[in-house]
Amino acid sequence: MIAALLENLGRTSRTTVTGVGYATRMLFRIIRASGGLWRRPRLVTDQVHFIGNYSLIIVGISGLFVGFVLGLQGYYTLNKYGSEQALGLLVALSLVRELGPVVTALLFAGRAGTSLTAEIGLMKAGEQLSAMEMMAVDPIQRVVAPRFWAGVIAMPLLAALFSALGVMGGYLVGVKLIGVDEGAFWSQMQGGVDLWNDIANGVIKSAIFGVAVTFIALYQGFESQPTPEGVARATTRTVVFASLTVLFLDFLLTALMFN
Amino acid sequence: MQRKSLDIWVGLFVLIGAAALVFLALNVGNMSSLSLAKGYKVTTNFDNIGGLKPRAPVKSAGVVVGRVANIQFSDQSFKAVVTLNLDTGYKFPKDTSAKILTSGLLGEQYIGLEAGGDTNNLVGGDTIKMTQSAMVLENLISQLLFSKATDVEKDAAK
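Residues numbered from 1 in each chain as written. Chains lettered and ligands numbered in written order. Predicted model: local features only at pLDDT ≥ 70, side-chain atom pairs only at ≥ 80, totals over all residues.

J.: Would you take a moment to explain the sheet that holds strand 5 (residues 97-102) of chain B for this structure?
T.: Consider a sheet: its strands pair through backbone hydrogen bonds, and that pairing is either parallel or antiparallel. Residue and element names in this part refer to chain B. Strand order in the open sheet formed by 8 strands is 7-1-4-3-2-6-5-8, and the pairing between neighbours is mixed. Unpaired on one side and paired on the other, strand 7 (127-128) and strand 8 (130-132) mark the two borders of the sheet. Here 8 bridges tie strand 3 (residues 63-74) to strand 4 (residues 79-87), and the two strands are oriented antiparallel to one another. Bridged to I71 within strand 4 is V82. (Pairing = 2+ DSSP bridges. Helix = DSSP H or I, 4+ residues; strand = E, 2+ residues; numbered from the N terminus.)

Dropping the structure here:
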């Protein structure tokens, strides 16, 4: 009984440490293989199309609706203090600093991360990656690195789009529907949102989330068991790990940048 | 052919993302103050503007008639020079007075205009002479304390 427990604990620790090691090694291999992408930028643009363009609609619509809801809920709260003019500031700050990067990263994990994992997992199951190695083509350089950089490029752009559409959504609900003064909405927003402290921090956050989510998706696909069941499990793990990592990193980064 | 259309879509995606960033920087952040509405500019001098901000509304009888275009400090008169952008559709007499008011207890500050009786109207570049500064809470409290103190002194003298 105790021996079995100990064995379990040992196995869990060993696999965790091995996993961290494999992941770190893979990240270094990706970075080392990235130099070759300058010669074939097509590989990256193809993946930006696949990751970025196809995520546009879901990210845009989510941003708009989050903005609508922020407008309504923010008005409800601020109205209690008679300061509904600050609605623009509330909507903009919560989107740019927090919701934009985080919600986009969660959507990105669900929309793009899963497809990356499934694609690479199925390539592995179909022994396409092994075939590449047979032909002296490094699958990390040919398959993984372009997807990684495409994710890193697409994520900040998507987060910016999310925030921008969210602000428009808040404007539509707050000003057009409820009737907050338009000038106060924009002037309080522009007075309170700082270009460096708020907007640049949001962009930095979203870039780091892009690295984290894309890398987790690629790693899970690359290390998945080459069976239908293994790919399914890897896809699930991508969403779970990526979401938890994003939330944890979000706390860490916010605490670091908080002043 | 297919390559080309794919590149167009990727370019479009990057463009949309960049446009969103520019929108955030310019319109949500404080990099520009776009004022597209047509109007004429009138300047006013205040001893103290309190928390008045650019783009705050200018109201007369509660109706928004313009916006604050610009706020500067003059080191000649040591006063705040506030430029108002009034809608061309509204005319005000020359002896209009301007006050800085607050909407609600915690609300934002705006400028209230009260029309005078002059037959000539304000035109662009004019200055509103009669102004009343923003209420500053500390000054009010010190005034109150001061008047209380003099009352106490008077009572003591009796």
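J.: Where do I start with the interface of chain A and chain B in this structure?
T.: By a widely used convention, the size of an interface equals the accessible area lost when the partners come together. The interface of chain A with chain B comprises 31 residues on the first partner and 28 residues on the second. Those elements that place two or more of their residues in the side of chain A that touches chain B are helix 2 (41-79), helix 3 (87-125), helix 5 (139-178), helix 6 (182-192) and helix 7 (195-222) of chain A. Sort the elements by how many residues they give to the side of chain A that touches chain B and helix 6 of chain A lands first, with 8 residues. Across the side of chain A that touches chain B, the residue classes break down as 17 nonpolar, 13 polar and 1 charged. (Contact = placed C-beta atoms within 7 Å. Nonpolar A, V, L, I, M, F, W, Y, C, P; charged D, E, K, R; others polar.)

J.: Would you take a moment to explain unusual backbone geometry for this structure?
T.: Excluding glycine, residues mostly carry a negative phi; peptide bonds, for their part, are mostly trans. All names here are of chain B. The backbone of A61 shows a phi angle near 55°, a positive value even though the residue is not glycine. Of note, A61 is situated in the loop between strand 2 (57-60) and strand 3. Judged by the 9 C-beta atoms lying within 10 Å of it, A61 falls in the exposed class. Located in the positive-phi region is F78, a residue other than glycine, with phi close to 55°. By the secondary structure assignment, F78 is in the loop between strand 3 and strand 4. (Buried ≥ 20, exposed ≤ 12 C-beta atoms within 10 Å, placed from the backbone.)

J.: Quick question: what am I supposed to make of the environment of F215 of chain A here?
T.: Residues and elements named next belong to chain A. On the secondary structure map, F215 appears in helix 7. Overall, the presence of 22 C-beta atoms within 10 Å leaves F215 in the buried class. Through-space distance from the C-alpha of F215 to that of R147 is 9.1 Å; in sequence the pair is 68 residues apart.

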